[in-house]
Amino acid sequence: MKSNPLEFRRKEGLKPSFRIFSYSGKRPKKGKSGKNNFPFLARSPQGFAAGLGTSNHFFRLEGVCGFMNLFLTQTINGLGLGSIYALVALGYSMVYGIVKLINFAHGDIIMVGSYMVMFIMTVMGMPLILAVIGSILFCALAGVLIQRVAYHRLLTHDAPRISLLITALGVSIFLQNLFQLLFGSEVRSMPTLFDLPAIQLGELHITSANILNIVVSVVMMIGLQTLVARTRIGKAMRATSEDAGAAKLMGINTNHTVAFTFAVGSGLAAVGAALYCNTYPQIKPTMGNLLGLKAFVAAVLGGIGSIPGAMLGGYILGVAESWTKNFYSNLTDAIVFGILIVMLLVKPSGLLGKNVKEKV
Amino acid sequence: MALLTVKDLNVFYGNIHAIKGISFEVNEGEIVTLIGANGAGKTSTLHAISGLLRPKSGSITFDGNNLVTTEAHKILRLGLAQVPEGRRIFASLTVMENLELGAYIRAKENLDADFEQIFARLPRLKERRKQLAGTLSGGEQQMLAIGRALMSKPKMLLLDEPSMGLSPLLVGEIFDIIKSVNQGGVTVLLNEQNAKKALEIANRAYVLETGSIAMSGEASALAQDEKVRQAYLGG
């Protein structure tokens with residue numbers, strides 16, 4: 001539970017606007033914030049209970065409103081969280097699509113990106129925008145470097161898939177330890193990033209972080225979809241993904257195409273990292289573990305290799321997590337991975353994935 | 001002067017000696033065919049030429065360039081295109097996108113005239129240009145693979161088993177296309193199991209047997225040869 005981004009928040013007592021997540025009115029046993037200091041949610045639990053329990057019209061109405069409000073709030077929170085999963089899932093999906101590798105080091109790129117944002121802002125004292133751009137560039141470069149150093153020879157020599165997978169795990173452990181060495185293993189607080197106003201829609205309170213997450217992820221997905229569908233390099237990516245040998249016969253430098261894919265995927269993870277830091281301003285070297293795993297689940301859920309699929313998977317996972325957290329937070333991860341298991345049983349290719357025909 | 005010269009080529013798959021020191025050449029404007037049974041080494045030879053396989057030793061020279069040290073994606077830029085065995089079109093891309101990828105190395109040129117030319121030669125592709133390539137029939141896929149290779153405006157075309165899996169009628173159609181491509185000035189090296197058809201359109205032929213060249217000569221002469229007739233032409 002410790003590595004769950006939403007959990008530590010309860011303990012740390014951070015910005016009130018984020019504490020929607022740790023809404024504790026439903027969980028008296030945890031009782032830390034026993035008195036509810038969030039007026040916009042104040043009516044929900046009582047109202048909800050009343051709505052279920054009595055036939056009093058006033059309370060029933062109140063209860064439905066409160067429930068709807070809670071439901072919407074948690075859905076938006078879920079979409080905000082899901083946006084981050086989605087951005088990371090895109091990287092998993094793209095890399096898998098082109099070299100059939102589950103790049104388990106991809107989750108750690110979020111960690112690298114987060115530390116880069118922090119480093120550029122607090123140590124180098126640069127403004128936020130440069131920190132974000134710097135972090136994206138650094139991660140894109142790191143992604144290419146990892147591909148070159150760790151995977152390239154395995155891929156060109158047709159190594160067994162298991163070797164690639166284990167190498168990816170090795171890279172993940174390496175990155176985590178490297179950053180522990182560089183920055184220490186303790187949890188670090190991020191400075192405030194995007195200080196935007198929240199939106200109040202009637203009783204519905206939407207944090208700026210959620211809005212930003214959703215908007216940025218949608219823009220990124222559209223951008224990526226356009227890149228893949230319309231540009232020359234996008235066509236090269238699709239060709240390489242389908243048949244690297246035939247792509248070479250078209251004069252495509254598949255090494256460059258693969259490197260480019262890693263760069264874009266890692267860059268997107270860095271965007272996710274910036275959004276993550278903005279939403280949950282605490283980072284540590286192992287933060288990429290669970291985050292990366294969930295993003296991977298999102299990619300599989302949506303259909304690995306599919307860009308809209310990765311996004312859809314991310315949103316579904318985020319919303320499922322947010323809803324569960326509201327009712328019984330101990331079950332959150334069980335639900336998330338339970339969704340994966342059900343999906344694999346029912347439709348192994350994922351929601352938007354295509355059935356892969358084995359080539360003869 | 002030969003356009004393509006292969007000399008003492010040796011290719012290994014692990015310990016298996018697939019190509020055992022073969023030498024042959026293709027002159028400009030010719031159709032040359034490599035015939036032989038499954039596993040004779042025809043595809044390995046073509047893959048070595050187009051850079052998908054690295055030979056152990058030997059030299060491959062195309063138009064004055066040493067192909068052995070040239071990366072696969074650069075070989076097309078020298079004017080040598082390949083229509084690979086099994087067609088290997090990009091099934092999840094549209095017919096048009098496949099053709100555009102064929103012209104990948106000509107990114108900055110206007111391709112409209114080329115598309116028209118391809119569609120004039122292969123009218124079936126025009127009807128289906130927005131369809132996913134994977135939904136085409138076998139014959140159409142083969143035409144697409146040829147069209148795709150022609151989009152790079154090659155000097156020479158390598159074709160690997162273009163008749164494989166096609167009905168006799170379509171085989172005839174594909175061979176007519178190859179012939180017309182050659183008449184348009186493109187040199188052709190053709191791998192075929194269908195020796196009868198290949199010898200009909202080729203100028204010269206080499207017979208491959210277990211990695212070595214067993215016979216070579218004018219296609220018309222080989223078609224009359226008793227041994228070739230018995231082994232490859234069904235008596």
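Residues numbered from 1 in each chain as written. Chains lettered and ligands numbered in written order. Predicted model: local features only at pLDDT ≥ 70, side-chain atom pairs only at ≥ 80, totals over all residues. Heavy atoms only, no water.

Draft legend 1. Representation of the overall build of chain B. Helix and strand counts for chain B come out as 10 helices and 10 strands. Rg of the C-alpha trace for chain B: 17 Å, near the compact-globule value of 18 Å for 235 residues, within the 12% margin. Projected onto the principal axes, the alpha-carbon positions of chain B cover approximately 45 × 40 × 35 Å. In chain B, buried positions account for 54% of the 235 residues. Summarising the internal contacts of chain B: among those between residues at least 6 apart in sequence, 67% fall at separations of at least 24. One finds the centroid of the 26 positive side-chain charges in chain B at a distance of 3 Å from the centroid of its 25 negative side-chain charges. (Helix = DSSP H or I, 4+ residues; strand = E, 2+ residues; numbered from the N terminus. Rg over C-alpha atoms; globule rule 2.2 N^0.38 Å. Buried < 20%, exposed > 50% of the residue type's maximum accessible area, 1.4 Å probe, protein only. Contact = heavy atoms within 4.5 Å. Lys, Arg positive; Asp, Glu negative; His and termini not counted. Charge placed at Lys NZ, Arg CZ, Asp CG, Glu CD.)

Draft legend 2. Representation of the pattern of salt bridges within the structure. Residues and elements named next belong to chain B. Considering all chains together, one arrives at 18 salt bridges over all chains under this definition. Lys-126 is the partner of Glu-116 in a salt bridge, and the nearest nitrogen-oxygen pair spans 3.7 Å. Here Lys-126 lies in helix 5 (residues 123-127) and Glu-116 lies in helix 4 (residues 112-121), a separation of 10 residues in the sequence. The salt bridge involving Lys-197 is made with Glu-200; its shortest N-O contact spans 4.0 Å. A residue pair is termed a helical-turn pair when its members lie 3 or 4 positions apart in one helix, as Lys-197 and Glu-200 do in helix 8 (residues 195-201) at 3 residues. On the accessibility criterion, Lys-197 (27% relative accessible area) is partly exposed. (Salt bridge = Lys/Arg side-chain N within 4 Å of Asp/Glu carboxyl O.)

Draft legend 3. Just the interface of chain B and chain A, in detail. Each partner contributes residues to the interface: chain B has 22 residues there, and chain A has 17 residues. Interface area lost by chain B to chain A is led by B:His73, B:Phe90 and B:Tyr104, which between them contribute 34%. In this structure, the connection of chain B to chain A is made through 3 salt bridges. Taking the shortest distance from any N to any O, the salt bridge between A:Asp243 and B:Arg88 comes out at 2.8 Å. Linking chain B with chain A are 8 residue pairs in polar contact (both at pLDDT 80 or more). Broken down by secondary-structure element, the contributors of at least two residues to the side of chain B that touches chain A are helix 2 (72-75) and helix 3 (95-102) of chain B. Of all the elements, helix 3 of chain B adds the most residues to the side of chain B that touches chain A, at 4 residues. (Buried area = accessible area lost by both parts, 1.4 Å probe. Polar contact = N/O pair within 3.5 Å; in protein donor to acceptor, adjacent residues only side chain to side chain.)

Draft legend 4. Spatial organisation of the sheet that holds strand 1 (residues 2-13) of chain B. Residues and elements named next belong to chain B. Ordered in space as 2-1-4-5, the 4 strands form an open sheet in which the pairing is antiparallel. If you trace the sheet from one side to the other, it starts and ends with strand 2 (16-27) and strand 5 (65-66), each paired once. Strand direction decides the pairing type here: strand 1 and strand 2, joined by 9 bridges, are antiparallel. Across the sheet, Ala-2 pairs through a bridge with Asn-27, a residue of strand 2. (Pairing = 2+ DSSP bridges.)

Draft legend 5. View of the side chain of A:Thr75. Residue and element names in this part refer to chain A. Tracing the backbone shows Thr-75 in helix 3 (residues 57-99). Exposure remark for Thr-75: the relative accessible area of 17% places this residue in the buried category. At a separation of 3.1 Å, a polar atom in the side chain of Thr-75 contacts the side chain of Trp-323. With near-sequence residues (within four places) excluded, Thr-75 lies in contact with Val-319 and Trp-323.

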